[in-house]
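Working through the structure, step by step
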Amino acid sequence: MEPENELIQQRKRKLKELKELGIDPYGEPFETTHTAKEIFDRYGHLTAEELENNPIECTIAGRIVAWRSFGKAAFSHIQDSTGKIQVYFRKDILKDRYSIVKKFDIGDIIGVKGKLFRTKTNELTILVEDFKFLTKSLRPLPEKWHGLKDIELRYRQRYVDLIVNPQVRETFKKRSEIIKFIRDFLEKEGFIEVETPMMHQIPGGAAARPFKTHHNALGIDLYLRIAPELYLKRLLVGGYERVFELNKNFRNEGISTKHNPEFTMLEFYVAYKDYRFLMEFTERMITELLKKVVGSLKVKFGEHEIDFTPPWPRIPMFEALKKYGVPEEIFKDYEKAREWAKQEGIEVKDAPTLGKLLDEIFKEKVEPHLIQPTFIIDYPVELSPLAKRKKDNPELVERFELFVAGREIANAFTELNDPEDQRQRFLKQVEAKKKGDEEAHWMDEDFIRALEYGMPPAAGEGIGIDRLVMIITGCTSIRDVILFPQLKPEKQN
């Protein structure tokens, strides 16, 4: 029998013994008076003498994460959602019930009641006067000195990762704080939160391959949302002037340290503004977020220190290409651009148009250099079919992408609200799709109809929450900030 299976069998025998003693091993509600953190915050300054003279009683529940038995006494650390604290069991206090204590295993969940004292090593500890068995753990946790280091196993069994790696729990607490701040910030700025469909008849709002499903009752194919943009802009038509949605998007693309096919996006739209307003707004929102959540405008990410002190540089896309060695002569010639990319070893098989080709070149030649927060502005119309043209150069649009640590964090533009221009751009996208561009936009006649009723001048932005959390928490893989990232199917025995 394998060692783990043998340990599981031992625990199952203890489970049976507990039941024979009349103990429910998957217990009942348990009322606590403190968390581990509250105990240390309130009483951590008290000396052994002060605790002896003024006894403090605590009731706490948690998981056993360490265990040392000495025959007639045992020390344990129990861990709740806030931290862990040492508890002390003594046979002379617990009497016959001490025989139950001897059936405890690391991983079991218990509730204890007792008084605080300090051990000879001065560790704040609960002397247990009563306890309740709450849940039997049948599988052993990873040994404390090894932890859970198998990266894929950590992602696949996140529940174990959260038990044994406190820093992982802190990352996801920080993620929650970040999302709460963003929601509060936008509401204070007059935005209202809305919900739009996650299943679309026509996928739109982004250049991406959708996931396809089927609705049996309607007898139609539907697509998981790649972006909520077109629905949110319908709300601008309807009279809402500031709307946002914190939503899940789904894009049928590769999996990497930067990409997960299911991801969280913030999208917000504001009437009567343009992309210049959004650049200033984004600087203010993110810097205030950092001050609140981190306490500094500087964060460590890999080998870099990222400084978010505004203002952030604003560089036109073609200026950035030239700055990092891309020759200007290829900007208007597809064949020259393709040949140059081939010479540079850039993979361009999925770039059927010049705009797509330049975008692939940008990803290879420019993005890795954009470590400090940088706005790349003014993109080709072809790459931005939903953005408004620049008045002084109709071949470009009023758009920016925010890059940090070589990653795109945000995408925004002055919204196109001319229905005829939008129709023509959709038609070009349809042609591109016919030629094999699987990420080209679809024609959406209802969205055109909405624009024909009149959408006010507006600006809109999407911010990738997962990537933003990565930067702020210093996690270099997107899987470290998604509780249950997508993985290949687990091999079954």
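Remember, predicted model here, so these are calculated numbers, not experimental data. (Residues numbered from 1 in each chain as written. Predicted model: local features only at pLDDT ≥ 70, side-chain atom pairs only at ≥ 80, totals over all residues. Heavy atoms only, no water.)

1. Topic: the environment of histidine 369
Worth spelling out the cut-off: By definition, any uninterrupted DSSP run of H or I lasting at least four residues is a helix, any uninterrupted run of E lasting at least two residues is a strand, and each is numbered from the N terminus.
Position of histidine 369 among the secondary structure elements: in the loop between α13 (354-365) and β15 (374-380). On a C-alpha basis, the gap between histidine 369 and glutamate 445 in space is 40 Å, while along the polypeptide they are 76 residues apart.

2. Quick notes on the nonpolar core
Stated formally: For the purposes of this section, nonpolar cores are sets of buried Ala, Val, Leu, Ile, Met, Phe, Trp, Tyr and Cys residues that join through side-chain atoms within 4.5 Å. Here the term buried applies to any residue with accessible area under 20% of the maximum for its type, exposed to any over 50%, and partly exposed to those in between, with areas from a 1.4 Å probe on protein chains only. Any two residues whose heavy atoms approach within 4.5 Å at even a single point are treated as in contact.
In terms of nonpolar packing, the biggest core is built from 49 residues, with Leu186, Leu266, Phe268, Met285, Phe308 and Leu468 touching the most fellow members. Leaving out residues up to four positions away in the same chain, leucine 266 has contacts with Ile182, Leu186, Phe244, Glu245, Leu246, Met285, Glu461, Gly462, Ile463 and Ile465. In terms of nonpolar packing, the next biggest core, distinct from the first, is built from 41 residues, Val326, Ala337, Ile361 and Val381 among them.

3. Re helix α9 (residues 229-237)
For α9, the complete set of buried residues consists of Glu229, Leu230, Leu232, Lys233, Arg234 and Leu236. On its buried face, α9 is in contact with β10 (242-250), β11 (262-271), β18 (407-414), α15 (445-453) and β19 (458-464). Taken from the residues just after α9, glycine 239 is the one with a positive phi, measuring 115°.

4. Some thoughts on the sheet that holds strand β8 (residues 212-215)
As a reminder, the rule being used: At least two DSSP bridges between two strands are required for those strands to pair.
The strand order across the open sheet built from three strands is β7-β9-β8, with neighbouring strands paired in antiparallel fashion. At either end of the open sheet lies a strand with only one pairing partner, and these are β7 (199-200) and β8. Pairing analysis gives two bridges linking β7 to strand β9 (residues 220-224), with the strands arranged antiparallel. Bridge pairing in β9 places methionine 199 opposite leucine 224.

5. Notes on the packing of helix α14 (residues 419-434) against α15
Stated formally: To get an axis, a line is fitted to the C-alpha atoms, and for a helix only the part in contact is used. The angle between two axes follows their N-to-C directions and goes from 0 to 180 degrees. The labels follow the angle: roughly parallel below 35 degrees, roughly antiparallel above 145, roughly perpendicular from 65 to 115, and oblique for the rest. If you view the pair so one helix is near and one far, a crossing is left-handed when the near helix is turned anticlockwise from the far one by less than a right angle, and right-handed when it is turned clockwise. When residues are grouped by polarity, Ala, Val, Leu, Ile, Met, Phe, Trp, Tyr, Cys and Pro land in nonpolar, Asp, Glu, Lys and Arg in charged, and all others, Gly among them, in polar.
In contact at an axis separation of 9 Å, α14 and α15 are set at 165° when each is read in the N-to-C sense. Looking at the two axes, α14 sits roughly antiparallel to α15. For the pair α14 and α15, the crossing hand works out as right-handed. Where α14 approaches α15, its residues Pro419, Glu420, Gln422, Arg423 and Phe426 are matched on the opposing element by Glu445, Phe447, Ile448, Leu451 and Glu452. In the contact of α14 with α15, the residues fall into five nonpolar, one polar and four charged.

6. Remarks on α13
Quick note on the threshold: To estimate the expected span of a helix, count its residues, drop one, and scale the result by 1.5 Å.
The first and last C-alpha atoms of α13 sit 16 Å apart over 12 residues, in line with the 16 Å expected at 1.5 Å per residue. If you follow the buried residues of α13, they end up packed against α11 (317-323), α12 (334-343), β15 and β17 (393-404).

7. Focus: unusual backbone geometry
In this structure, proline 311 follows proline 310 across a cis peptide bond, with omega equal to 0°. Relative to the helices and strands, proline 311 is located in the loop between β13 (304-307) and β14 (314-316). In this model, lysine 95 sits at a positive phi of 55°, which is unusual for a non-glycine residue. With respect to the element layout, lysine 95 can be found in the loop between α4 (91-94) and α5 (98-101). You will see that aspartate 378, though not glycine, has its phi angle at about 65°, which is positive. Within the secondary structure, aspartate 378 is located in strand β15.

8. Description of the pairing of β18
In terms of burial, β18 is largely enclosed, as six of its eight residues are buried. Summarising the sheet, β17 and β18 pair through six bridges and their orientation is antiparallel. Within β18, the position partnered with glutamate 401 by the bridge is asparagine 411. Pairing between β18 and β19: five bridges, direction antiparallel. The residue bridging alanine 410 from the neighbouring strand is isoleucine 463, located in β19.

9. Here's the deal with the packing of aromatic side chains
We apply this condition: Under the pairing criterion, centres of Phe, Tyr and Trp rings, with the six-membered ring standing for Trp, must be within 6.5 Å; the plane angle then separates stacked pairs below 30 degrees from edge-to-face pairs above 60, leaving the rest tilted.
Summed over all chains, the structure comprises 22 aromatic pairs. With a centroid separation of 5.7 Å and 45° between ring planes, the pair formed by tryptophan 67 and phenylalanine 89 is classed as tilted. With a gap of 22 residues between them, tryptophan 67 in strand β1 (residues 57-69) and phenylalanine 89 in strand β3 (residues 83-90) connect regions that are remote in the sequence. Here the aromatic rings of phenylalanine 191 and phenylalanine 281 are separated by 5.9 Å at their centres, their planes lie at 50°, and the arrangement is tilted.

10. So, a nonpolar patch on the surface
Quick note on the threshold: Each patch groups residues whose relative accessible area exceeds 30% and which form no salt bridge, using 9 Å between like charges and 5 Å between nonpolar side chains of Val, Leu, Ile, Met, Phe, Trp and Tyr. Only the protein chains shown count as covering a residue, and every accessible area follows the Shrake-Rupley method with a 1.4 Å probe. For salt bridges, the criterion is a side-chain nitrogen of Lys or Arg within 4 Å of an Asp or Glu carboxyl oxygen.
Where nonpolar side chains cluster on the molecular surface, the patch consists of Tyr159, Leu483 and Phe484 and spans about 350 Å² of accessible area. Judged by relative accessible area, phenylalanine 484 falls into the exposed class, the value being 58%.

11. A word on the pattern of salt bridges
Once the charged atoms of two side chains with opposite charge are near each other, the side chains can pair. Under the counting rule described, the total for this entry stands at 40 salt bridges. Between lysine 212 and aspartate 221 there is a salt bridge; the shortest N-O distance is 3.3 Å. Among the residues examined, lysine 212 registers a relative accessible area of 56% and is labelled exposed. When the shortest N-O distance is used, the salt bridge between arginine 389 and aspartate 421 registers 3.4 Å. A residue pair is termed long-range when its members are at least 10 positions apart, and arginine 389 in strand β16 (residues 389-390) and aspartate 421 in helix α14 qualify at 32 residues. You can call aspartate 421 buried: its relative accessible area is 17%. Several salt bridges share partner residues, and in doing so they unite Lys14, Asp105, Asp108 and Lys136 into one network.

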